[in-house]
Amino acid sequence: MPDPEMEALLKELYAPFDAEFGYAVDEVSVLIPRERIAEACSLAKADERLGFDYLRCLAVVEYPDHFQVSYMLYSTGKGHKAMLKAVAPKDDPAFPSVTCVWKGADWHEREGAELFGVTFSGHPDPKHLLLFDEFEGVYPMRKDYPFEEVVEWTDEMSAPWEQGYEK
Amino acid sequence: MTTGQHLGTVDMLLNMGPQHPSTHGVFRMILTVDGEQIQDAEAVIGYLHRGTEKLCERENYRQIVTLFDRIDYIANFNSELSFVMAAEKLMGLEIPERAQLIRVILCELNRISSHMLFYGAFGTDVGVFGTPFMYGFRERENIQQLFEAVSGARMMHSYFRVGGVAQDVPEDFVPRTRDLVETLKRGIDQCDKLLTYNEIMLERTRGVGTITKEEAIDYGLSGPTLRGSGIPEDIRATEPYLVYDRFDFEIPIGQNGDCWDRFWVRMEEMRQSIHIIEQALNMVQDGPIQTPVAKFGFVKPPVGDVYVRTESPRGDFGVYLVSDGKDRPYRVKVRTPSFCNLMALRRMLEGAYIADAVMILGSVDIVLGEVDR
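Before going into details, it helps to say that this report is about the structure given with it. Predicted, not measured: the structure shown is a model, and the values here were computed from it.

As for the packing of helix 5 (residues 131-151) of chain B against helix 6 (residues 173-195) of chain B
Residue and element names in this part refer to chain B.
- Where helix 5 contacts helix 6, the axes come no closer than 10 Å and their chain directions differ by 170°. Accordingly, the angle class assigned to the pair helix 5 and helix 6 is roughly antiparallel. When you trace helix 5 past helix 6, the crossing you get is left-handed. Residue-level contacts link T131, P132, Y135, G136, R138, E139, N142, I143, L146 and V150 of helix 5 to F173, R176, T177, L180, T183, L184, G187, Q190, C191, L194 and L195 of helix 6.
- Looking at side-chain class alone, the contact of helix 5 with helix 6 contains eleven nonpolar, seven polar and three charged residues.

Considerations on the sheet that holds strand 4 (residues 66-74) of chain A
All names here are of chain A.
- Read from one edge to the other, the open sheet built from five strands follows the order 1-2-5-4-3, with strand pairing classed as mixed. Each of the sheet's edge strands pairs with one partner strand only, and the pair in question is strand 1 (20-24) and strand 3 (54-62). Direction aside, neighbouring strands of the sheet carry axes that sit 25° apart on average.
- Relative to strand 5 (residues 81-89), strand 4 is paired through nine bridges, and the arrangement is antiparallel. Directly across from V69, in strand 5, lies its bridge partner A86.
- Running at roughly 20° to strand 2 (residues 27-31), helix 1 (residues 4-13) makes contact with strand 1, strand 2 and strand 5 of the sheet.

A short note on the interface of chain B and chain A
- Residue-level contacts link 32 residues of chain B with 26 residues of chain A.
- Elements with a minimum of two residues in the side of chain B that touches chain A: helix 1 (52-56), helix 3 (76-91), helix 8 (213-218), strand 6 (304-312), strand 7 (315-323), strand 8 (331-335) and helix 13 (337-343) of chain B.
- When residues in the side of chain B that touches chain A are grouped by element, the largest group, five residues, is from strand 6 of chain B.
- Classifying every residue of the side of chain B that touches chain A by side-chain character gives twelve nonpolar, seven polar and 13 charged.

Section: the environment of M201 of chain B
All names here are of chain B.
- Here M201 is to be found in helix 7 (residues 199-205).
- For the pair M201 and L180, spaced 21 residues apart in the sequence, the C-alpha separation amounts to 29 Å.
- What M201 contacts, discounting residues up to four positions off in sequence, is V126 and L195.

Remarks on the pairing of strand 6 of chain B
All names here are of chain B.
- The element strand 6 is largely enclosed, with a buried count of eight among its nine residues.
- By the bridge criterion, nine bridges tie strand 6 to strand 7 in an arrangement that is antiparallel. By the bridge assignment for strand 7, G304 is matched with S323.
- The hairpin formed by strand 6 and strand 7 contains two residues between the paired strands.

Concerning the environment of W107 of chain A
- Relative to the elements of secondary structure, W107 of chain A occurs in helix 3 (residues 105-116).
- Classification of W107 of chain A as buried rests on a count of 23 C-beta atoms within 10 Å.
- For the pair formed by W107 of chain A and Q68 of chain A, sequence separation is 39 residues and the distance between their alpha carbons is 17 Å.
- With residues up to four places along the chain from it excluded, the contact list for W107 of chain A reads L129 of chain A together with F339 and M343 of chain B.

Notes on the sheet that holds strand 8 of chain B
Residues and elements named next belong to chain B.
- Overall, antiparallel pairing links the three strands, which are arranged 6-7-8 in an open sheet. Edge positions in the sheet fall to strand 6 and strand 8, since each has one partner strand and no second. Sheet twist, expressed as the average angle between the axes of neighbouring strands with direction ignored, equals 15°.
- Here strand 7 runs beside strand 8; their pairing, made up of five bridges, is antiparallel. Bridge pairing links V322 to R331 in strand 8.
- Together, strand 6 and strand 7 form the strand contacts of helix 3, whose direction differs from that of strand 6 by roughly 150°.

Quick notes on the rules
Residues numbered from 1 in each chain as written. Chains lettered and ligands numbered in written order. Predicted model: local features only at pLDDT ≥ 70, side-chain atom pairs only at ≥ 80, totals over all residues. Axes fitted to C-alpha atoms, helices over the stretch in contact; angles between N-to-C directions. Helix = DSSP H or I, 4+ residues; strand = E, 2+ residues; numbered from the N terminus. Parallel < 35°, antiparallel > 145°, perpendicular 65-115°, else oblique. Left-handed = near helix turned anticlockwise from the far one by under 90°. Contact = placed C-beta atoms within 7 Å. Nonpolar A, V, L, I, M, F, W, Y, C, P; charged D, E, K, R; others polar. Pairing = 2+ DSSP bridges. Buried ≥ 20, exposed ≤ 12 C-beta atoms within 10 Å, placed from the backbone.

Here's what the structure looks like:
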């Protein structure tokens with residue numbers, strides 16, 4: 001189910017952006033160069049016909065050769081929806097932060113940053129959110145992070161004062 | 001003569017949680033207080049982080065339903081629904097009408113049982129110890145027994161499948177649900193009379209923890225927390241999924257965006273859910289309950305991505321699903337309502353008193369399982 005009206009509007013708005021258009025099933029998705037993604041977001045929010053004032057979701061995805069951030073936009077008054085995307089190479093996974101456009105992006109970006117190791121430059125409070133502080137330099141949502149193996153419990157794993165019981 | 005005006009005050013850090021009986025789970029707030037007044041509040045989450053999104057990349061589509069049960073463990077059916085609908089949308093599956101109606105009825109019942117838990121917990125937060133909890137849990141128990149009859153489990157139902165539901169409902173499902181609805185109506189009225197317009201309740205909750213329309217949208221709030229601020233956004237009405245476009249129901253909205261409004265919206269929502277269930281029960285016909293794909297479990301969505309959101313009791317429950325054409329997802333991002341609603345807690349607590357902090361948190365109705373995933 002394509003959405004030609006929204007597609008035309010977005011094509012007009014993002015004409016100077018060197019954008020690529022596609023579909024996520026029935027939602028228009030626009031791939032924007034990552035340096036201009038924050039600008040594109042504030043433009044989408046400020047535009048009267050679109051009025052994307054609500055950020056539904058912000059998701060980081062790791063593909064074999066790049067990172068992608070998807071921004072799901074929504075306008076509360078008009079019911080419009082669209083998806084913006086930006087990609088960054090593996091060796092330089094940096095995106096501009098959109099917290100200045102929607103405050104609701106705050107925790108989504110912190111979560112994406114700690115789980116995938118991408119950076120959102122300009123984020124006001126880039127701390128750990130879900131993981132504990134010692135999780136530095138390790139990114140559990142990356143594809144190369146292993147699932148924990150099931151390990152048989154041995155006596156050496158017990159605390160020193162518990163070792164040697166129930167043998 | 002006033003004393004102490006020339007003395008500077010020092011802000012104090014106050015830790016609430018993570019082991020705090022009234023924080024609704026393992027949740028920590030670091031409050032900066034000036035006397036009794038809260039200057040700043042920082043939410044510390046993650047104590048319940050289980051890496052559900054990562055686990056989803058390892059399991060196949062049928063197994064993932066069980067993981068989604070554990071994301072929002074108060075409204076299991078609603079969180080299952082978002083995931084199965086995301087996979088169905090990506091595959092372009094049409095679901096038999098009977099399955100859709102069963103889903104609607106169970107999700108609405110789950111909404112009532114979730115709001116009943118909120119009612120009990122919020123009563124305790126406000127300071128009525130015991131009675132609201134007992135009233136709320138009495139109604140929940142009836143609903144829970146119906147869920148057990150349908151799915152075999154009181155919680156963690158694993159009942160929805162990509163393409164339908166796991167098995168047909170018991171033969172007496174429709175008459176039994178009709179009886180339940182009558183009981184619930186009485187129960188909701190009783191709960192309403194006990195608390196909603198109680199003088200102490202009004203005094204404590206009106207004008208406390210206020211959040212304006214603009215802020216609510218900016219923070220991406222959803223569900224009763226958004227509607228309490230006066231924005232008529234309900235995904236069941238604005239972006240109808242399943243068969244919600246056939247039902248006649250209203251969207252209750254608050255006036256001021258304070259704690260009482262959020263409470264009242266939930267009370268009214270329960271009545272609207274009853275109304276939806278009654279209409280759905282009249283529509284239920286015999287027929288298939290799943291498409292063949294659900295029966296044999298060959299779920300392999302095509303390459304692509306999709307974002308689906310549904311209205312869970314706490315708000316907008318979204319699933320972003322990326323598939324690479326294999327039998328397990330490439331990436332699943334779960335946008336949970338409490339996670340986003342909790343972002344606005346800092347704003348709500350600003351200028352409030354310590355005594356109200358727990359109540360304001362309670363009015364957002366968080367489930368830490370879905371905040372941390």
